[in-house]
Amino acid sequence: MKLDVNALRYLSKDDFRVLTACEMGMPQHEIVPAELVDRIAGLKHGGTYKVLRNLLKNKLVHHDCKKYDGFRLTYLGYDFLAIKTLVNRGVFASVGRQIGVGKESDIFEVATEDGTVLAMKLHRLGRTSFRAVKSKRDYLAHRRSFNWLYLSRLAALKEFAFMKALGDHGFPVPTAVDCNRHCVIMSLVPGYPLVQIRELQNPDDVFDKILGLVIRLAEHGLIHCDFNEFNIMIDDDETVTMIDFPQMVSVSHRNAQMYFDRDIGCIYKFFNKRFNLTEKGGQDGSETDDDDSGRPSFLSIQKSSGALDKELAASGFTKKEQVEIEKFIDENAEEHDSGSDDEDSTSEQDSEGGDAVSAEISSLKIVDQDPAGVPDLVVMDSDKHETLSKEHATSTSPSGENKSTDPADDGIVDPKGAESGGDDDDDSSEDTEDEDDALLTKQLNKQRKRAMAAALGRRRPLNSRNAYKDKGKGTMNSKIQRQACQW
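Residues numbered from 1 in each chain as written. Predicted model: local features only at pLDDT ≥ 70, side-chain atom pairs only at ≥ 80, totals over all residues. Heavy atoms only, no water.

Going by an unreviewed UniProt entry, the chain carries the name Serine/threonine-protein kinase RIO2 and comes from Aegilops tauschii subsp. strangulata. Checking UniProt for the chain, the heading Cofactor (unreviewed entry) contains the comment "Mg(2+)". Looking at the chain in UniProt, the text filed under Sequence similarities (unreviewed entry) is "Belongs to the protein kinase superfamily. RIO-type Ser/Thr kinase family." (UniProt positions renumbered as here; feature names shortened; annotations may be inferred.)

The following block contains the structure:
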């Protein structure tokens, strides 16, 4: 959307109040209800709806009434809020022409009250040319839903932080001035993009400077990830300045080596195509193989102590992850030191535990009994009683031979089949066992009767299959049945 600041001078305080109310409602609503905008703005006598009509006329808000009556901010309205805030801070006083446009942002000239010209970068994520923000950038982090205005704000904050940190460490970057919402104010770089340069007095020196910047960034723990001829500025003195930082990642990123090699490859490819600069640094136009080339290697770079990825929480290396890694290392060291002592103690406990388990298992073993003393389950005919146990009554003769009585001939278990010559204690125990057997037989008989009744109940008698048809005395079937009975 084209930035037309002419309407900015005609907006009143109520207009900016309603714009701010729409902005405050957008984190919870994709389309902010009109009633909510009215409550947040707090204008009297229905002034909110009149202001909304004026803002809608200037395309600062978008109206949607598919599900309910609501509004949302447009990029132009978001631009006006950011510009108004920066003007109130005294950062700049006027807005000039557009000097650059990209897939993610627009660049404008702004001037301060004393005439100093600065650059204003407005992030505009969500354009048709670049909508793969979720897969190409890490602004979302753990979030699933997103808003383009909010993502633009995150990109601006990230770029401002990288630019300020790199400038403090002596990197050739624009000077970061201020930031608000999705707007970043920086110093204007004198020069032109490298893609517009056709001739250089010392292409070898410029090439070495650019490669040195990539290596120096990696030594400080950062990788540009978009280091090409479009993001490198060169002035008349062939001074190199790099721009565009929101996509920078840490050297600890899982794809750091791939990004580093891609940045190096872009520089080699451009200088070879534009200035006939080979891999070895000559200008004879001959090409060399990549295997024998002297390109910088990612694995050979030594990271310095003052790493910027830790300070800025670059993608792939956050402060929280660093703390977790240090804790994990400390815990592993402690476990390694106490590993030998734990093994000794565990071996002793295992031996003691094994003895205890073996003792328990031995106590649970079943002792084999003679067939004469094992209780058997006797199944009788359907008309006879069922019993759980069958005791073999044995009698000892004076000669030492055992005489057994077989109750299977009668089909009834003899409850008095106990050994002769026993003590009084044995007689009392046998009486209690007989009583228990009698109770069990009664319960089994009841269950058998219930099972037989249920089995018979499932089968419908033949004479009752059409019983529902014979209801009533006046039906034809009932008359036929009565005549048949008389016959």
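What follows continues from the structure just given.
## Concerning the overall build of the chain
A count of helices and strands for the chain gives 13 helices and 15 strands. Here the chain holds 487 residues, and 35% of them are scored as buried. For the chain, contacts bridging at least 24 residues in sequence account for 60% of all contacts bridging at least 6. For the chain, the accessible surface area stands at approximately 31700 Å², while carbon and sulfur atoms represent 50% of it. (Helix = DSSP H or I, 4+ residues; strand = E, 2+ residues; numbered from the N terminus. Buried < 20%, exposed > 50% of the residue type's maximum accessible area, 1.4 Å probe, protein only. Contact = heavy atoms within 4.5 Å. Areas by Shrake-Rupley, 256 points an atom, 1.4 Å probe, with all protein chains shown as cover.)

## Some points on the sheet that holds strand β2 (residues 61-64)
Reading across the sheet, the three strands line up as β1-β3-β2 and stay open at both edges, with antiparallel pairing between neighbours. Each end of this open sheet is capped by a strand with a single partner; those strands are β1 (32-33) and β2. Bridging between β1 and strand β3 (residues 70-73) involves two bridges; their strand directions are antiparallel. Among the inter-strand pairings, Pro-33 is bridged to a residue of β3, identified as Gly-70. (Pairing = 2+ DSSP bridges.)

## Points about helix α6 (residues 148-168)
The terminal C-alpha atoms of α6 lie 30 Å apart, and with 21 residues this matches the ideal 30 Å at 1.5 Å per residue to within 8%. One or two steps after α6, the chain reaches Gly-170, where phi turns positive at roughly 85 degrees. (Expected span 1.5 Å × (residues − 1).)

## Let's talk about a positive patch on the surface
On the surface, a cluster of positive charge is contributed by Lys-442, Lys-446, Lys-449 and Arg-450. Assignment of secondary structure puts Arg-450 in helix α12 (residues 424-458). Note on Arg-450: relative accessible area 63%, which makes it exposed. (Patch = residues over 30% accessible without salt bridge, like charges linked within 9 Å, V, L, I, M, F, W, Y side chains within 5 Å. Salt bridge = Lys/Arg side-chain N within 4 Å of Asp/Glu carboxyl O. Lys, Arg positive; Asp, Glu negative; His and termini not counted. Charge placed at Lys NZ, Arg CZ, Asp CG, Glu CD.)

## Topic: the packing of helix α7 (residues 203-219) against helix α8 (residues 256-275)
As a packed pair, α7 and α8 sit with axes 11 Å apart at the nearest point and diverge in direction by 175 degrees. Taken together, α7 and α8 sit at an angle that is classed as roughly antiparallel. Residues Pro-203, Val-206, Phe-207, Ile-210, Leu-211, Val-214 and Ala-218 of α7 form the contact with α8, whose participating residues are Phe-260, Ile-264, Ile-267, Tyr-268, Phe-271 and Phe-275. Within the contact of α7 with α8, the residues separate by chemical class into 13 nonpolar, no polar and no charged. (Axes fitted to C-alpha atoms, helices over the stretch in contact; angles between N-to-C directions. Parallel < 35°, antiparallel > 145°, perpendicular 65-115°, else oblique. Nonpolar A, V, L, I, M, F, W, Y, C, P; charged D, E, K, R; others polar.)

## A closer look at the sheet that holds strand β4 (residues 94-101)
Read across the sheet, five strands follow the order β4-β5-β6-β8-β7 without closing on themselves; strand pairing throughout is antiparallel. A strand with exactly one partner marks an edge of an open sheet, and here the two such strands are β4 and β7 (176-180). For this sheet, the mean angle separating the axes of adjacent strands, direction not counted, is 25 degrees. In terms of strand pairing, β7 meets strand β8 (residues 183-187) through four bridges, oriented antiparallel. What sits directly across from Asp-178, in β8, is Ile-185. The sheet contacts of α6 involve β6 (117-123), β7 and β8, and relative to β7 the element is tilted by about 160 degrees.

## Comments concerning the packing of aromatic side chains
Tallied over the full model, the rule gives six aromatic pairs. For the ring pair Phe-207 and Tyr-268, a centre distance of 5.1 Å and an interplane angle of 80 degrees mean the geometry is edge-to-face. Note that Phe-207 is positioned in helix α7 and Tyr-268 in helix α8, a separation of 61 residues in sequence. The pair Phe-207 / Tyr-268 is uniform in exposure class, with both members buried. Ring geometry for Phe-270 and Phe-275: centres 6.1 Å apart, planes at 80 degrees, overall edge-to-face. For Phe-270, a relative accessible area of 10% translates into the label buried. Here Phe-275 falls in the buried class, since its relative accessible area comes to 10%. Taken together, the ring pairs connect Phe-207, Tyr-268, Phe-270, Phe-271 and Phe-275 into an aromatic cluster. Sitting over the ring of Tyr-268, Arg-295 keeps its end group 4.6 Å from the ring centre. (Phe/Tyr/Trp six-rings, centres within 6.5 Å; stacked < 30°, edge-to-face > 60°. Lys NZ or Arg CZ within 6 Å of the ring centre and 35° of its normal.)

## Here's the deal with a nonpolar patch on the surface
A grouping of Ile-99, Val-117 and Leu-188 is seen on the molecular surface, where their side chains present a nonpolar patch of about 200 Å² in accessible area. As for its placement among the helices and strands, Leu-188 is situated in the loop between β8 and β9 (192-193). Judged by relative accessible area, which is 34%, Leu-188 ranks as partly exposed.

## Things to note about the pairing of β7
Counting buried residues in β7 gives four out of five residues, a clear majority hidden from the surface. Counted along the chain from β7 to the antiparallel partner β8, the turn is two residues long, and its residue Arg-181 has a positive phi close to 55 degrees.

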